[in-house]
Each structure stands twice: as C-alpha cells, then as structure tokens.
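Take a look at the letters that make up each chain.
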Amino acid sequence: KKEKLSFYPSQLLYAESDSNYVNFYLTLEEQVKKKVIRNSIGDIEEQLANIPYIFRTHRAFLVNLKKIRQKKGNASGYSLKLENTEASIPVARQKVKAFNDQIDRYHS
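Here the structure is a predicted model, which is why all the values come from computation and not from measurement.

S.K.: How should I be thinking about unusual backbone geometry in this particular structure?
M.R.: Peptide bonds are, in most cases, trans, and in most cases residues other than glycine have a negative phi. Backbone geometry at E29 places phi at a positive 50 degrees, although glycine is not the residue there. Within the fold, E29 resides in the loop between β2 (21–28) and β3 (31–38). The exposed category is assigned to E29, whose relative accessible area is 73%.

Laid out in structure tokens, this is it:
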C-alpha cells in the first residue's frame with residue numbers, strides 16, 4: 001500500500017523517512033508545508049533518481065542540494081541547514097565524499 005504525492009522537484013526541501021512513511025517538506029506558496037505519505041525513502045529515491053540535485057545524505061534523508069544554506073562538520077559527517085527551515089539534516093560519514101562531489105555543482 002503505497003501512496004503518491006505530486007510536486008515539482010524544485011519545491012522539495014527534503015524528505016525524511018519515518019518508519020513506513022515519508023515526510024516531505026515542500027515549499028508551496030512561499031511557505032514550508034509538510035506532506036506525509038506511506039512509502040519508503042528507497043522507493044522515493046528511485047523515483048527521483050533522474051534529478052541530479054536530489055541527494056540521499058543519510059539512510060533516512062533525501063535533500064535538495066540547491067536549498068542548502070549552511071554546512072557544518074568535517075570528514076566524519078556534516079550537518080546541513082536548509083532554506084526556510086530550522087531542521088538539521090545529517091550527512092552520513094560514508095556519504096561525505098559523494099556529497100562534496102555533488103554539492104560543488106550547485107554551490108560554486
């Protein structure tokens with residue numbers, strides 16, 4: 001039983017796995033709105049795989065690289081701050097190199 005949610009990739013701030021659900025944080029009408037669907041983060045990652053600026057930073061998080069406003073941390077992992085939200089998004093240690101390679105494309 002998987003649900004669907006339609007949005008433009010540019011509206012996505014981040015998506016977070018929450019057990020059998022995925023919480024989407026979207027910029028809609030200039031406000032951040034939370035939408036929840038029953039699905040897996042892995043399935044969502046597959047569906048968004050052709051969008052180069054959507055990146056899986058952690059087992060539970062997908063992030064829009066264009067929306068990052070701050071990166072803190074070191075080679076053992078980062079913490080990200082995104083536009084219009086106070087959430088702190090982790091970047092797993094094993095994702096740091098791939099993250100650095102990708103982020104340079106969108107923040108140079």
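S.K.: Where do I start with the environment of S40 in this structure?
M.R.: With respect to the element layout, S40 can be found in the loop between β3 and α1 (41–47). With 13 residues separating them in the primary sequence, S40 and T27 have C-alpha atoms 21 Å apart. Excluding residues that lie within four positions of it along the chain, S40 makes contacts with K2 and V22. Here D43 takes part through its backbone nitrogen, which lies 3.0 Å from a polar atom of the side chain of S40.

S.K.: Is there a simple way to explain the environment of T85 in this structure?
M.R.: The topology assignment puts T85 in the loop between β7 (77–82) and β8 (88–91). It is 8.7 Å that separates the C-alpha atoms of T85 and L13, two residues lying 72 residues apart in sequence.

S.K.: Explain the sheet that holds strand β6 (residues 68–74) to me, please; I cannot follow it from the model alone.
M.R.: Two orientations exist for strands paired in a sheet by backbone hydrogen bonds: parallel and antiparallel. Read from one edge to the other, the open sheet built from three strands follows the order β6-β7-β8, with strand pairing classed as antiparallel. The sheet terminates laterally at β6 and β8, the two strands that pair on one side only. The average angle at which neighbouring strand axes cross in this sheet is 25 degrees, direction not considered. Of the strand pairs in this sheet, β7 and β8 are connected by four bridges, and their pairing is antiparallel. Bridged to L80 within β8 is I89.

S.K.: I tried to follow the pairing of strand β4 (residues 54–58) on my own but got confused; where do I start?
M.R.: Every other side chain in a regular strand lies on the same face of the sheet, so the side chains alternate between the two faces. For β4, a buried count of five out of five residues is recorded, marking the element as mostly surrounded by other parts of the structure. One ladder, built from four bridges, connects β4 with strand β5 (residues 61–64); its direction is antiparallel. Within β5, the residue paired with F55 across the bridge is V63. Between the end of β4 and the start of β5, which pair antiparallel, lie two residues.

S.K.: Explain the packing of aromatic side chains to me, please; I cannot follow it from the model alone.
M.R.: Enumeration according to the criterion identifies six aromatic pairs in this entry. Judged by centre distance (5.5 Å) and plane angle (55 degrees), the ring pair of F7 and F24 falls under tilted. Pair noted here: F7 is in the segment before β1 (12–18) and F24 is in strand β2, with a separation of 17 residues, a long-range link. For F24, a relative accessible area of 1% corresponds to the buried category. It is K66 that lies over the ring of Y53; its NZ or CZ is 4.1 Å from the centre.

Cut-offs used in this document
Residues numbered from 1 in each chain as written. Predicted model: local features only at pLDDT ≥ 70, side-chain atom pairs only at ≥ 80, totals over all residues. Heavy atoms only, no water. Helix = DSSP H or I, 4+ residues; strand = E, 2+ residues; numbered from the N terminus. Buried < 20%, exposed > 50% of the residue type's maximum accessible area, 1.4 Å probe, protein only. Contact = heavy atoms within 4.5 Å. Polar contact = N/O pair within 3.5 Å; in protein donor to acceptor, adjacent residues only side chain to side chain. Pairing = 2+ DSSP bridges. Axes fitted to C-alpha atoms, helices over the stretch in contact; angles between N-to-C directions. Phe/Tyr/Trp six-rings, centres within 6.5 Å; stacked < 30°, edge-to-face > 60°. Lys NZ or Arg CZ within 6 Å of the ring centre and 35° of its normal.

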